[in-house]
Amino acid sequence: MFSDRVKAVAPSGIRAMFDKAKAFDDALYLCLGEPGFVTTADVCRVAADALMAGDTRYTPNPGLYALREGVAEKLWRENGIKADPDREILITVGATEALFLTMMTLVNPGDEVIYTDPCWTNYVQQIELVGGRPVAAKTREEDAFRIRASAIEEVITDKTKLLMLNSPCNPTGALLTRADYEDIAALVKKRGLMVLCDEPYEKIVFDGAKHVSLASLPGMADFCITINCFSKSYAMTGWRVGYVCAHRDIIAQMVKIQEPICSCISGALQKGCLYALTHSDERVAEMVAHYKKNRDIMVPALNSMKGFSCLVPPATFYAFPNIESMGKPSQQVADEILEELHVVVSPGSAFCGTVGEGHLRLCFASDTDSMERALERMAKKFR
Ligand code: PLP
(Lines give C-alpha, C1' and ligand atoms only; values in the text may rest on other atoms or scores of the structure.)
Protein backbone atom coordinates (compact mmCIF):
# COMPACT_ATOMS: atom_id res chain seq x y z
CA MET A 1 0.00 0.00 0.00
CA PHE A 2 2.71 2.49 0.95
CA SER A 3 5.26 4.02 -1.38
CA ASP A 4 8.86 2.82 -1.31
CA ARG A 5 9.71 6.42 -0.52
CA VAL A 6 7.97 6.48 2.85
CA LYS A 7 9.02 2.91 3.66
CA ALA A 8 12.67 3.97 3.28
CA VAL A 9 12.37 6.56 6.04
CA ALA A 10 12.91 5.67 9.70
CA PRO A 11 10.83 7.63 12.24
CA SER A 12 12.55 10.35 14.27
CA GLY A 13 14.12 9.00 17.47
CA ILE A 14 13.64 12.40 19.13
CA ARG A 15 9.90 12.46 18.49
CA ALA A 16 9.72 8.82 19.64
CA MET A 17 11.02 9.81 23.09
CA PHE A 18 8.59 12.73 23.19
CA ASP A 19 5.69 10.41 22.39
CA LYS A 20 6.75 7.78 24.96
CA ALA A 21 6.94 10.50 27.63
CA LYS A 22 3.21 11.22 27.30
CA ALA A 23 2.65 8.23 29.62
CA PHE A 24 4.15 10.22 32.53
CA ASP A 25 2.22 13.21 33.92
CA ASP A 26 5.25 14.58 35.77
CA ALA A 27 7.70 14.21 32.86
CA LEU A 28 10.38 16.88 32.51
CA TYR A 29 11.38 17.46 28.90
CA LEU A 30 14.95 17.95 27.77
CA CYS A 31 14.33 16.31 24.41
CA LEU A 32 12.84 18.69 21.81
CA GLY A 33 14.99 21.50 20.42
CA GLU A 34 12.69 24.34 21.24
CA PRO A 35 13.24 27.71 22.98
CA GLY A 36 11.57 27.80 26.39
CA PHE A 37 10.23 31.26 25.50
CA VAL A 38 7.13 32.30 23.60
CA THR A 39 7.39 34.86 20.78
CA THR A 40 7.44 38.44 22.06
CA ALA A 41 4.08 40.23 22.22
CA ASP A 42 5.06 43.01 19.80
CA VAL A 43 5.93 40.50 17.07
CA CYS A 44 2.66 38.61 17.69
CA ARG A 45 0.73 41.87 17.54
CA VAL A 46 2.07 42.75 14.08
CA ALA A 47 0.83 39.41 12.73
CA ALA A 48 -2.47 39.58 14.61
CA ASP A 49 -3.13 43.12 13.37
CA ALA A 50 -2.40 42.04 9.80
CA LEU A 51 -4.92 39.20 10.10
CA MET A 52 -7.55 41.51 11.58
CA ALA A 53 -6.91 43.98 8.74
CA GLY A 54 -7.86 41.28 6.24
CA ASP A 55 -4.47 39.82 5.34
CA THR A 56 -5.95 36.35 4.97
CA ARG A 57 -5.29 35.50 1.33
CA TYR A 58 -2.67 33.61 -0.71
CA THR A 59 0.68 35.35 -1.08
CA PRO A 60 3.28 35.13 -3.90
CA ASN A 61 5.16 31.79 -4.17
CA PRO A 62 8.57 33.24 -3.26
CA GLY A 63 7.22 35.20 -0.27
CA LEU A 64 6.32 38.85 0.32
CA TYR A 65 8.82 41.11 -1.41
CA ALA A 66 9.16 43.22 1.76
CA LEU A 67 10.27 40.18 3.77
CA ARG A 68 12.68 39.02 1.04
CA GLU A 69 14.14 42.52 1.05
CA GLY A 70 14.39 42.42 4.86
CA VAL A 71 16.12 39.03 4.69
CA ALA A 72 18.54 40.32 2.01
CA GLU A 73 19.44 43.28 4.23
CA LYS A 74 19.90 40.97 7.22
CA LEU A 75 22.11 38.58 5.22
CA TRP A 76 24.33 41.47 4.15
CA ARG A 77 24.40 43.19 7.56
CA GLU A 78 24.91 40.12 9.72
CA ASN A 79 26.35 37.41 7.48
CA GLY A 80 28.25 39.27 4.76
CA ILE A 81 26.18 37.54 2.06
CA LYS A 82 24.99 39.62 -0.92
CA ALA A 83 21.64 38.51 -2.33
CA ASP A 84 19.12 39.97 -4.76
CA PRO A 85 15.77 39.85 -2.91
CA ASP A 86 13.91 39.44 -6.18
CA ARG A 87 15.69 36.35 -7.48
CA GLU A 88 17.98 34.89 -4.84
CA ILE A 89 15.75 34.53 -1.78
CA LEU A 90 12.71 32.36 -1.14
CA ILE A 91 10.54 32.33 2.00
CA THR A 92 9.71 28.80 3.16
CA VAL A 93 7.78 26.78 5.75
CA GLY A 94 10.54 26.88 8.36
CA ALA A 95 14.08 25.79 7.60
CA THR A 96 12.61 22.30 7.19
CA GLU A 97 10.91 23.11 3.88
CA ALA A 98 13.98 24.99 2.66
CA LEU A 99 16.03 21.83 3.30
CA PHE A 100 13.46 19.68 1.53
CA LEU A 101 13.28 22.03 -1.48
CA THR A 102 17.05 21.76 -1.75
CA MET A 103 16.83 17.96 -1.86
CA MET A 104 13.99 18.06 -4.37
CA THR A 105 15.82 20.56 -6.58
CA LEU A 106 19.29 18.99 -6.64
CA VAL A 107 19.19 15.30 -5.69
CA ASN A 108 18.28 12.51 -8.10
CA PRO A 109 17.63 8.93 -6.93
CA GLY A 110 21.02 7.28 -6.30
CA ASP A 111 22.89 10.57 -5.80
CA GLU A 112 25.04 10.71 -2.69
CA VAL A 113 24.52 13.44 -0.11
CA ILE A 114 27.21 13.90 2.51
CA TYR A 115 26.07 14.81 6.02
CA THR A 116 28.23 15.41 9.04
CA ASP A 117 27.81 12.65 11.61
CA PRO A 118 26.11 13.16 14.06
CA CYS A 119 23.39 15.35 12.58
CA TRP A 120 19.79 16.36 13.02
CA THR A 121 17.57 13.38 12.19
CA ASN A 122 15.51 15.16 9.54
CA TYR A 123 18.50 15.50 7.20
CA VAL A 124 18.81 11.79 6.56
CA GLN A 125 15.04 11.34 6.46
CA GLN A 126 14.85 13.98 3.73
CA ILE A 127 17.74 12.50 1.73
CA GLU A 128 15.96 9.13 1.85
CA LEU A 129 12.61 10.65 0.89
CA VAL A 130 14.03 11.85 -2.42
CA GLY A 131 15.82 8.55 -3.06
CA GLY A 132 19.30 9.93 -2.34
CA ARG A 133 22.00 7.98 -0.53
CA PRO A 134 23.08 9.48 2.80
CA VAL A 135 26.85 9.30 3.31
CA ALA A 136 28.37 10.11 6.70
CA ALA A 137 31.43 12.31 7.12
CA LYS A 138 32.42 11.62 10.69
CA THR A 139 33.22 14.26 13.28
CA ARG A 140 35.34 13.38 16.31
CA GLU A 141 34.82 14.34 19.93
CA GLU A 142 38.60 15.12 20.12
CA ASP A 143 37.93 17.91 17.58
CA ALA A 144 34.99 19.20 19.64
CA PHE A 145 32.82 17.64 16.90
CA ARG A 146 33.99 20.22 14.30
CA ILE A 147 33.97 18.53 10.93
CA ARG A 148 37.38 18.39 9.25
CA ALA A 149 37.74 19.00 5.51
CA SER A 150 39.79 15.77 5.37
CA ALA A 151 36.85 13.76 6.77
CA ILE A 152 34.62 15.19 4.04
CA GLU A 153 37.20 14.54 1.32
CA GLU A 154 37.49 10.88 2.35
CA VAL A 155 33.86 10.19 1.47
CA ILE A 156 33.54 12.19 -1.76
CA THR A 157 32.87 9.99 -4.81
CA ASP A 158 31.82 10.68 -8.38
CA LYS A 159 28.21 10.27 -7.18
CA THR A 160 28.45 13.04 -4.57
CA LYS A 161 25.82 15.69 -5.28
CA LEU A 162 25.61 17.75 -2.14
CA LEU A 163 27.37 18.40 1.15
CA MET A 164 25.24 19.37 4.16
CA LEU A 165 26.83 21.53 6.83
CA ASN A 166 25.21 22.67 10.04
CA SER A 167 27.08 25.14 12.21
CA PRO A 168 26.28 25.79 15.00
CA CYS A 169 25.41 22.10 15.12
CA ASN A 170 22.40 20.25 16.42
CA PRO A 171 23.06 17.92 18.34
CA THR A 172 26.68 18.62 19.38
CA GLY A 173 26.75 22.42 19.74
CA ALA A 174 29.91 22.45 17.57
CA LEU A 175 30.76 25.79 15.98
CA LEU A 176 32.93 25.89 12.86
CA THR A 177 35.60 28.60 12.85
CA ARG A 178 36.65 30.74 9.91
CA ALA A 179 39.79 28.60 9.62
CA ASP A 180 37.66 25.42 9.49
CA TYR A 181 35.58 27.00 6.75
CA GLU A 182 38.65 28.10 4.79
CA ASP A 183 39.79 24.46 4.62
CA ILE A 184 36.29 23.37 3.59
CA ALA A 185 36.05 26.19 1.01
CA ALA A 186 39.32 25.07 -0.62
CA LEU A 187 37.97 21.51 -0.87
CA VAL A 188 34.60 22.66 -2.20
CA LYS A 189 36.26 24.70 -4.94
CA LYS A 190 38.68 21.89 -5.80
CA ARG A 191 35.88 19.31 -6.12
CA GLY A 192 33.12 21.62 -7.38
CA LEU A 193 30.71 20.60 -4.59
CA MET A 194 27.38 22.23 -3.82
CA VAL A 195 27.00 22.93 -0.11
CA LEU A 196 23.84 23.32 1.90
CA CYS A 197 24.60 25.53 4.93
CA ASP A 198 21.87 25.16 7.54
CA GLU A 199 22.28 27.98 10.07
CA PRO A 200 19.23 28.25 12.38
CA TYR A 201 21.35 28.49 15.55
CA GLU A 202 23.60 31.31 14.28
CA LYS A 203 22.62 33.71 17.05
CA ILE A 204 22.84 31.21 19.90
CA VAL A 205 26.61 31.46 20.44
CA PHE A 206 28.39 32.03 23.73
CA ASP A 207 31.56 33.44 25.26
CA GLY A 208 32.19 35.98 22.50
CA ALA A 209 32.33 33.34 19.73
CA LYS A 210 31.00 34.34 16.33
CA HIS A 211 29.10 32.41 13.70
CA VAL A 212 30.58 32.54 10.18
CA SER A 213 28.61 31.84 7.00
CA LEU A 214 30.50 29.81 4.40
CA ALA A 215 28.75 31.78 1.62
CA SER A 216 30.50 34.97 2.81
CA LEU A 217 33.98 33.60 2.08
CA PRO A 218 35.55 34.87 -1.16
CA GLY A 219 34.21 33.09 -4.23
CA MET A 220 31.92 30.79 -2.23
CA ALA A 221 28.46 32.31 -2.79
CA ASP A 222 27.69 30.28 -5.92
CA PHE A 223 28.59 27.00 -4.20
CA CYS A 224 26.32 27.65 -1.19
CA ILE A 225 22.65 27.27 -0.43
CA THR A 226 22.22 29.14 2.84
CA ILE A 227 19.21 28.21 4.95
CA ASN A 228 17.90 29.89 8.05
CA CYS A 229 14.64 30.52 9.90
CA PHE A 230 12.91 32.56 12.57
CA SER A 231 12.34 29.49 14.75
CA LYS A 232 15.29 29.34 17.12
CA SER A 233 16.71 32.90 17.19
CA TYR A 234 13.37 34.59 17.83
CA ALA A 235 11.48 31.78 19.64
CA MET A 236 9.10 31.35 16.71
CA THR A 237 9.17 27.58 16.12
CA GLY A 238 5.39 27.32 15.72
CA TRP A 239 5.21 30.09 13.10
CA ARG A 240 6.94 27.80 10.58
CA VAL A 241 8.76 30.48 8.61
CA GLY A 242 12.26 30.17 7.18
CA TYR A 243 14.19 31.16 4.08
CA VAL A 244 16.76 30.02 1.59
CA CYS A 245 19.33 32.07 -0.28
CA ALA A 246 21.10 30.64 -3.32
CA HIS A 247 22.08 31.25 -6.94
CA ARG A 248 19.11 32.58 -8.92
CA ASP A 249 18.86 29.46 -11.11
CA ILE A 250 18.43 27.29 -8.02
CA ILE A 251 15.91 29.67 -6.44
CA ALA A 252 13.92 29.75 -9.71
CA GLN A 253 13.48 25.96 -9.59
CA MET A 254 12.54 26.10 -5.90
CA VAL A 255 9.96 28.84 -6.49
CA LYS A 256 8.44 26.67 -9.24
CA ILE A 257 8.00 23.66 -6.92
CA GLN A 258 6.89 25.80 -3.96
CA GLU A 259 3.51 25.93 -5.75
CA PRO A 260 2.73 22.17 -5.70
CA ILE A 261 4.36 21.66 -2.29
CA CYS A 262 2.79 24.37 -0.11
CA SER A 263 2.01 27.27 -2.49
CA CYS A 264 2.96 30.07 -0.14
CA ILE A 265 3.40 31.21 3.44
CA SER A 266 0.80 33.18 5.44
CA GLY A 267 1.18 36.89 4.69
CA ALA A 268 0.34 37.92 8.26
CA LEU A 269 3.03 35.65 9.67
CA GLN A 270 5.56 36.98 7.16
CA LYS A 271 4.79 40.52 8.35
CA GLY A 272 5.45 39.44 11.93
CA CYS A 273 8.75 37.90 10.80
CA LEU A 274 9.80 41.09 9.03
CA TYR A 275 9.18 43.02 12.23
CA ALA A 276 11.13 40.41 14.26
CA LEU A 277 14.16 40.80 11.97
CA THR A 278 14.71 44.40 12.95
CA HIS A 279 13.19 44.69 16.44
CA SER A 280 14.62 41.75 18.34
CA ASP A 281 18.27 42.45 19.17
CA GLU A 282 17.64 43.10 22.84
CA ARG A 283 15.30 40.16 23.25
CA VAL A 284 17.68 37.80 21.44
CA ALA A 285 20.51 38.93 23.73
CA GLU A 286 18.33 38.19 26.79
CA MET A 287 17.41 34.74 25.51
CA VAL A 288 21.02 33.89 24.67
CA ALA A 289 22.05 35.03 28.18
CA HIS A 290 19.43 32.67 29.59
CA TYR A 291 20.70 29.74 27.50
CA LYS A 292 24.26 30.48 28.62
CA LYS A 293 23.17 30.54 32.25
CA ASN A 294 21.41 27.19 31.78
CA ARG A 295 24.43 25.73 29.95
CA ASP A 296 26.67 26.77 32.82
CA ILE A 297 24.40 24.93 35.24
CA MET A 298 23.79 21.84 33.10
CA VAL A 299 27.30 21.00 31.93
CA PRO A 300 28.99 20.97 35.39
CA ALA A 301 25.97 19.07 36.78
CA LEU A 302 26.36 16.40 34.07
CA ASN A 303 30.11 16.20 34.60
CA SER A 304 29.55 15.51 38.30
CA MET A 305 27.32 12.50 37.46
CA LYS A 306 28.79 9.02 37.29
CA GLY A 307 29.31 7.86 33.71
CA PHE A 308 28.94 11.30 32.10
CA SER A 309 31.63 13.36 30.44
CA CYS A 310 30.41 16.50 28.68
CA LEU A 311 32.18 19.10 26.56
CA VAL A 312 31.09 22.71 27.00
CA PRO A 313 29.11 23.55 23.83
CA PRO A 314 30.20 26.92 22.38
CA ALA A 315 26.79 27.39 20.73
CA THR A 316 23.16 26.12 20.46
CA PHE A 317 21.13 24.94 23.44
CA TYR A 318 22.26 21.33 23.41
CA ALA A 319 24.61 19.38 25.66
CA PHE A 320 25.90 16.15 24.14
CA PRO A 321 27.50 14.17 26.99
CA ASN A 322 29.53 11.05 26.37
CA ILE A 323 28.09 8.07 28.26
CA GLU A 324 30.21 5.32 26.67
CA SER A 325 31.62 4.26 30.03
CA MET A 326 28.15 2.99 31.01
CA GLY A 327 28.61 0.24 28.42
CA LYS A 328 24.95 0.40 27.30
CA PRO A 329 23.31 1.59 24.10
CA SER A 330 22.22 5.23 24.32
CA GLN A 331 18.60 4.24 23.58
CA GLN A 332 18.60 1.98 26.63
CA VAL A 333 20.06 4.72 28.86
CA ALA A 334 17.51 7.27 27.52
CA ASP A 335 14.68 4.77 28.16
CA GLU A 336 15.90 4.10 31.72
CA ILE A 337 16.10 7.83 32.42
CA LEU A 338 12.55 8.23 31.12
CA GLU A 339 11.03 5.22 32.86
CA GLU A 340 12.80 5.61 36.23
CA LEU A 341 13.13 9.40 36.49
CA HIS A 342 10.46 10.70 34.09
CA VAL A 343 13.10 12.88 32.45
CA VAL A 344 12.99 12.97 28.66
CA VAL A 345 16.33 13.06 26.83
CA SER A 346 17.28 12.03 23.29
CA PRO A 347 19.56 9.05 22.63
CA GLY A 348 22.68 9.89 20.61
CA SER A 349 21.79 7.03 18.26
CA ALA A 350 18.86 9.14 17.00
CA PHE A 351 21.30 11.51 15.28
CA CYS A 352 22.07 9.31 12.26
CA GLY A 353 25.41 7.68 11.46
CA THR A 354 27.49 6.05 14.18
CA VAL A 355 29.21 8.89 16.04
CA GLY A 356 26.18 9.83 18.16
CA GLU A 357 25.99 6.39 19.81
CA GLY A 358 27.52 6.53 23.29
CA HIS A 359 26.02 9.99 23.86
CA LEU A 360 22.79 11.65 24.94
CA ARG A 361 21.42 14.98 23.81
CA LEU A 362 19.92 17.23 26.47
CA CYS A 363 18.31 20.54 25.54
CA PHE A 364 18.91 23.39 27.99
CA ALA A 365 16.51 25.90 26.43
CA SER A 366 13.74 25.43 28.99
CA ASP A 367 13.16 27.46 32.14
CA THR A 368 15.98 27.06 34.63
CA ASP A 369 13.75 25.67 37.36
CA SER A 370 12.44 22.65 35.44
CA MET A 371 15.89 21.98 33.98
CA GLU A 372 17.35 21.93 37.50
CA ARG A 373 14.61 19.60 38.71
CA ALA A 374 15.42 17.23 35.83
CA LEU A 375 19.12 17.35 36.67
CA GLU A 376 18.38 16.69 40.37
CA ARG A 377 16.42 13.57 39.42
CA MET A 378 19.32 12.42 37.24
CA ALA A 379 21.92 13.17 39.94
CA LYS A 380 20.15 10.72 42.28
CA LYS A 381 20.47 7.87 39.78
CA PHE A 382 23.98 8.59 38.48
CA ARG A 383 26.02 9.02 41.64
N1 PLP B 1 17.94 22.67 11.08
C2 PLP B 1 18.32 22.25 12.28
C3 PLP B 1 19.75 21.92 12.50
C4 PLP B 1 17.41 22.10 13.33
O5 PLP B 1 17.81 21.66 14.52
C6 PLP B 1 16.05 22.40 13.08
C7 PLP B 1 15.04 22.22 14.12
O8 PLP B 1 15.25 21.60 15.14
C9 PLP B 1 15.71 22.86 11.82
C10 PLP B 1 16.66 22.97 10.83
C11 PLP B 1 14.28 23.16 11.47
O12 PLP B 1 13.93 24.47 11.70
P13 PLP B 1 12.43 24.94 11.45
O14 PLP B 1 11.70 24.74 12.74
O15 PLP B 1 12.55 26.38 11.09
O16 PLP B 1 11.87 24.14 10.36
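Residues numbered from 1 in each chain as written. Predicted model: local features only at pLDDT ≥ 70, side-chain atom pairs only at ≥ 80, totals over all residues. Heavy atoms only, no water.

Structural notes on the sheet that holds strand β5 (residues 160-165)
Taken in spatial order, the 7 strands line up as β2-β8-β7-β6-β5-β3-β4 in an open sheet, and their pairing is mixed. The open sheet is flanked by β2 (89-92) and β4 (133-138), the only strands paired with a single partner. Taking each pair of neighbouring strands and ignoring which way they run, the sheet shows an average axis angle of 25°. As defined by bridge partners, β2 adjoins strand β8 (residues 242-245) across 4 bridges and the pair is classed as antiparallel. When the bridges of β8 are listed, Leu90 appears paired with Val244. (Pairing = 2+ DSSP bridges. Helix = DSSP H or I, 4+ residues; strand = E, 2+ residues; numbered from the N terminus. Axes fitted to C-alpha atoms, helices over the stretch in contact; angles between N-to-C directions.)

Things to note about the domain arrangement of the protein
Split by domain assignment, the protein resolves into domain 1 (4-39 + 282-381) and domain 2 (41-279). The C-alpha centroid of domain 2 is placed 24 Å from the C-alpha centroid of domain 1. Between domain 1 and domain 2, the contact holds 40 residues from the first and 39 residues from the second. Roughly 3200 Å² of surface becomes buried between domain 1 and domain 2 when both sides are summed, with 63% attributable to carbon and sulfur atoms. A per-residue breakdown of the area domain 1 buries against domain 2 is headed by Thr39, Thr316 and Val355, which together make up 20% of the total. In this structure, the connection of domain 1 to domain 2 is made through 2 salt bridges. The residue Lys292 makes a salt bridge to Asp207 at a minimum N-O spacing of 3.5 Å. At the surface where domain 1 touches domain 2, the tally comes to 18 residue pairs in polar contact (both at pLDDT 80 or more). Elements that contribute at least two residues to the side of domain 1 that touches domain 2 include exactly α2 (13-20) and α11 (281-303). Considering every element that reaches the side of domain 1 that touches domain 2, the biggest residue donor is α11, with 6 residues. (Domains from an automatic or database assignment. Contact = heavy atoms within 4.5 Å. Buried area = accessible area lost by both parts, 1.4 Å probe. Salt bridge = Lys/Arg side-chain N within 4 Å of Asp/Glu carboxyl O. Polar contact = N/O pair within 3.5 Å; in protein donor to acceptor, adjacent residues only side chain to side chain.)

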